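Given next are the chains, with one letter for each unit.
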Amino acid sequence: MRLTHFQAMLIFALVISVTFAFLSKQSPRDRLKYAIWSFLAFLLIAIGIAWIMFPFPR
Amino acid sequence: MSEESAQAPKHLHLALSFLVAVSAWAVPGLGHLLLRRWGRAAVYFLGVSAFAILGLALRGHVFSPKVSDAFELLGFLSNAGAGAFYVAAQFLVSAAPDVSRAAGDYGTRFFAAAGVLNLLCVLDALNIASGRKE
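Residues numbered from 1 in each chain as written. Chains lettered and ligands numbered in written order. Predicted model: local features only at pLDDT ≥ 70, side-chain atom pairs only at ≥ 80, totals over all residues.

## Describing the overall build of chain A
When you go through chain A residue by residue, the secondary structure sums to 2 helices and 0 strands. In terms of its C-alpha atoms, chain A occupies a principal-axis envelope of roughly 45 × 30 × 10 Å. The proportion of buried residues among the 58 residues of chain A is 12%. (Helix = DSSP H or I, 4+ residues; strand = E, 2+ residues; numbered from the N terminus. Buried ≥ 20, exposed ≤ 12 C-beta atoms within 10 Å, placed from the backbone.)

What follows is the structure in structure tokens.
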């Protein structure tokens, strides 16, 4: 099985966001808001860090 | 007599909390299922099993109980948190880990994340069983 870095990050962000929403919030509306917010934060921060790292060679 | 009757439910409550915690650890979501939290049980089972199966499919490293340093101990503890998936990985999965590729390294992290996530779910089930959370 092969996954790109981005696909792996997407799966991780999705599962963690949904699970943490259920762990920390009670109402369905709060859970949905939390899951979306958390997923987008994962995505934006990862892409932001990737852009910061881009100029640096290995 | 009144003390005895007051103590009995407390012992029963402790025993039930212990049963819920062990069930939640052994099979992800089972603790919440016993507490009749159907939605949470399904989400936790799907989340933990997705991570664990993905970790094994990517041929990540599963730490054995024979540890030689602190890093391996942490790896073992995080893996063991996955309960039945850890036992299955130890005894049923025959493919050797391949951490020479990035995918294998991701597999190691995914399986460790499954264990840690399941431990969080165990704590959540315990909180519900003890009445600290709805």
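Text resumes after the structure shown.
## Some points on the overall build of chain B
Per the secondary structure count, chain B includes 6 helices and 0 strands. Order of helices (α) and strands (β) in chain B, N terminus to C terminus: α-α-α-α-α-α. For chain B, the spread of C-alpha atoms along the principal axes amounts to about 65 × 35 × 25 Å. Each of the 134 residues in chain B was classed as buried or not, and the buried ones make up 39%. At a minimum sequence separation of 6, the contacts of chain B that also span at least 24 residues come to 73%. (Contact = placed C-beta atoms within 7 Å.)

## A closer look at the packing of helix H1 (residues 5-24) of chain A against helix H2 (residues 28-53) of chain A
Axes are the key here: two packed helices are described by the angle between their axes and the distance separating the axes. Residue and element names in this part refer to chain A. At a minimum axis separation of 8 Å, H1 and H2 run at an interaxial angle of 150 degrees. One finds that H1 runs roughly antiparallel with respect to H2. Taken as a pair, H1 and H2 cross one another with a handedness that is right-handed. Residues Met-9, Ala-13, Leu-14, Ser-17, Val-18, Phe-20, Ala-21, Phe-22 and Ser-24 of H1 pack against Arg-31, Tyr-34, Ala-35, Ser-38, Phe-39, Phe-42, Leu-43 and Ala-46 of H2. Counted by class, the contact of H1 with H2 contains 13 nonpolar, 3 polar and 1 charged residues. (Axes fitted to C-alpha atoms, helices over the stretch in contact; angles between N-to-C directions. Parallel < 35°, antiparallel > 145°, perpendicular 65-115°, else oblique. Left-handed = near helix turned anticlockwise from the far one by under 90°. Nonpolar A, V, L, I, M, F, W, Y, C, P; charged D, E, K, R; others polar.)

## Some words on H1(A)
Side chains that are three or four residues apart share a direction in an α-helix, a result of its 3.6 residues per turn. Across its 20 residues, H1(A) extends 28 Å between first and last C-alpha, which sits within 8% of the 28 Å expected from 1.5 Å per residue. Looking at H1(A), one finds that the buried residues are Val15(A), Ser17(A), Val18(A), Thr19(A), Ala21(A), Phe22(A) and Leu23(A). If you follow the buried residues of H1(A), they end up packed against H2 of chain A together with helix H3 (38-57) and helix H6 (102-129) of chain B. (Expected span 1.5 Å × (residues − 1).)

## Let's talk about the environment of Val67(B)
For Val67(B), the location among the structural elements is in the loop between H3 and helix H4 (70-80). Discounting residues that sit within four places of it in the chain, Val67(B) has contacts with Glu72(B), Leu73(B) and Phe76(B).

## Quick word on the interface of chain B and chain A
At the junction of the two partners, chain B supplies 15 residues and chain A supplies 11 residues. Mapped onto the side of chain B that touches chain A, the elements with two or more residues apiece are H3 and H6 of chain B. Of the residues forming the side of chain B that touches chain A, the biggest block, 8 residues, is contributed by H3(B). Of the residues belonging to the side of chain B that touches chain A, the class tally is 11 nonpolar, 1 polar and 3 charged.

## Focus on the nonpolar core
Val48(B), Phe51(B), Ala52(B), Phe110(B), Phe111(B) and Ala114(B) are the most contacted members of the largest nonpolar core, which has 36 residues in total. Secondary-structure elements contributing two or more residues to this core are H1 of chain A together with helix H1 (2-26), H3, helix H5 (84-91) and H6 of chain B. (Core = buried A, V, L, I, M, F, W, Y, C linked by C-beta atoms within 7 Å.)

## Remarks on the packing of H3(B) against H6(B)
Residue and element names in this part refer to chain B. For the pair H3 and H6, the least separation of the axes is 7 Å and the interaxial angle reads 160 degrees. The orientation of H3 relative to H6 falls into the category roughly antiparallel. Between H3 and H6 lies a crossing whose hand is left-handed. Within the contact between the two elements, H3 uses Tyr-44, Gly-47, Val-48, Phe-51, Ala-52, Leu-54, Gly-55 and Leu-56 and H6 uses Gly-107, Thr-108, Phe-110, Phe-111, Ala-113, Ala-114, Leu-117, Asn-118 and Cys-121.

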